[in-house]
Amino acid sequence: MQNEVNDGFIASNYKSGPSKKKIVINEILRFLIVFASSAIYSISVAWFLEPANLISIGLTAVGQIIHYFVPSVPVGVWTLITNIPLCIIGVKFVSPRFVLFTIISVVIQSILLMGWIPVPEFIEAELGDNKLFLAIIAGLFCGVGIAIALRYGMSTGGVDIVAQALLIKKNISIGTVSTVVNIILAVIYGGLIQNNWSITLYTFIFIILISIVVDKIHTGYNAVRVDVITNYSEEVSNALITGIARGCTILDVKGAYTHEKKYDVFMVISLYELEKAKKIINAVDPDAWITVIPVKRIIGAFFKHTII
């Protein structure tokens, strides 16, 4: 009876695909996440960076540099224009839907950064001269906005697109790529253009905090090993293979106390796939015992699925 139920679960849930209603709900949720992450990022720029006269990161920073020489064109417009070639890279090396939501994010940022976000009076009156505090808060806000977007298969645009492509192709940390590029931009803007190295130094603090927050929250390609102790090895493994498109290994095991024979179904997955794997396993065998172990290194083939 259990096998019949499990086989039916596999067929109905993983061969037929999600319903149209669920797809629509997921797309609406993604749009809300895009808007929220873009708003958080834009607030970090408008509320904290601009009052402190600090440069932002990525193509927003490039927009600020161009705006310095061409002040008649808003920063948001330059940000939108400079994102176009990188979006083309994203379509080729990441995924079209990733770029689609990234474009939506960039448009939202561009609109919000054209004066649509009023700066609270207390920030300008009481905190305007405290560049260290503003740099720290901006780094936390900006890092959360970027990390949320990346965590759910999107980005806030700019360097994130290149960093995501390098992460998939070369397994290079997003935080590392972004940090190197942003440090170069900070040196150019603060040291060479403004001739004010304090701007560069405070921007370094801002950049480091972003890197830490992004790598802590965005865990999409950290790998884990999932071990499932179950009586229904075939059903569990088939459901996982169908639902996540990753291979499994089945081992014969025996309980030391009960001496009951069971199976250990284990697989290595990306951390962002863990919640989906848990739902699949619990639906097939609610009594399964699951352990999750971090994987520091993989030698051999481990396909990195596109994140969206």
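Everything discussed here concerns the structure shown above.
Report on unusual backbone geometry, specifying residues and quantitative values.
Note: most residues except glycine have negative phi, and most peptide bonds are trans. Even without being glycine, Asn195 reaches a positive phi, approximately 55°. For Asn195, the location among the structural elements is in the loop between helix H9 (174–193) and helix H10 (197–217). Classification of Asn195 by relative accessible area gives exposed; the value is 62%. For Ala245, which is not a glycine, the phi torsion comes out positive at approximately 65°. Secondary-structure assignment places Ala245 in the loop between helix H11 (233–244) and strand S2 (249–254). Look at Ala245 and you get exposed, because its relative accessible area is 55%.

Can you lay out the nonpolar core for me, pointing to particular residues and giving the numbers?
With 29 residues, the main nonpolar core has Ile57, Cys142, Ile146, Phe206 and Ile210 as its most contacted residues. For this core, the secondary-structure elements that each account for two or more residues are helix H2 (20–52), helix H3 (58–69), helix H7 (131–151), H9 and H10. At eight residues, H7 tops the list of elements feeding residues into this core. The contacts of Ile57, once residues within four sequence positions are left out, are Tyr41, Cys142, Ile146, Asn182, Phe206, Ile207 and Ile210.

Residues and numbers for a nonpolar patch on the surface, please.
There is a patch of nonpolar side chains on the surface, built from Leu80, Ile103, Val107, Ile111, Met114 and Trp116 and spanning about 560 Å² of accessible area. Counting through the fold element by element, Ile111 comes out in helix H5 (residues 96–112).

Requested: an account of the sheet that holds strand S1 (residues 223–230), with residues and values cited.
Taken together, four strands build an open sheet; the order of strands is S2-S3-S1-S4 and the sheet is antiparallel. Sheet topology places S2 and strand S4 (289–295) at the edges, where each strand pairs with a single neighbour. For this sheet, the mean inter-axis angle between neighbouring strands, taken without regard to orientation, is 25°. In the sheet, S2 pairs with strand S3 (residues 261–270) via six bridges, with the strands oriented antiparallel. For Lys254, the partnering residue across the bridge sits in S3 and is Lys261. Packed onto the sheet, H11 meets S1, S2 and S3 and runs at close to 10° relative to S3.

So what's going on with the pattern of salt bridges? Which residues, and what values?
One pass over the full model with this rule turns up four salt bridges. Among the salt bridges present, the one from Glu275 reaches Lys278, with a minimum N-O distance of 3.3 Å. Linking Glu275 with Lys278, this pair stays in helix H12 (residues 274–284), spanning three residues, or about one helical turn. Among the residues examined, Lys278 registers a relative accessible area of 32% and is labelled partly exposed.

What counts and how
Residues numbered from 1 in each chain as written. Predicted model: local features only at pLDDT ≥ 70, side-chain atom pairs only at ≥ 80, totals over all residues. Heavy atoms only, no water. Helix = DSSP H or I, 4+ residues; strand = E, 2+ residues; numbered from the N terminus. Buried < 20%, exposed > 50% of the residue type's maximum accessible area, 1.4 Å probe, protein only. Core = buried A, V, L, I, M, F, W, Y, C linked by side-chain atoms within 4.5 Å. Contact = heavy atoms within 4.5 Å. Patch = residues over 30% accessible without salt bridge, like charges linked within 9 Å, V, L, I, M, F, W, Y side chains within 5 Å. Areas by Shrake-Rupley, 256 points an atom, 1.4 Å probe, with all protein chains shown as cover. Salt bridge = Lys/Arg side-chain N within 4 Å of Asp/Glu carboxyl O. Pairing = 2+ DSSP bridges. Axes fitted to C-alpha atoms, helices over the stretch in contact; angles between N-to-C directions.

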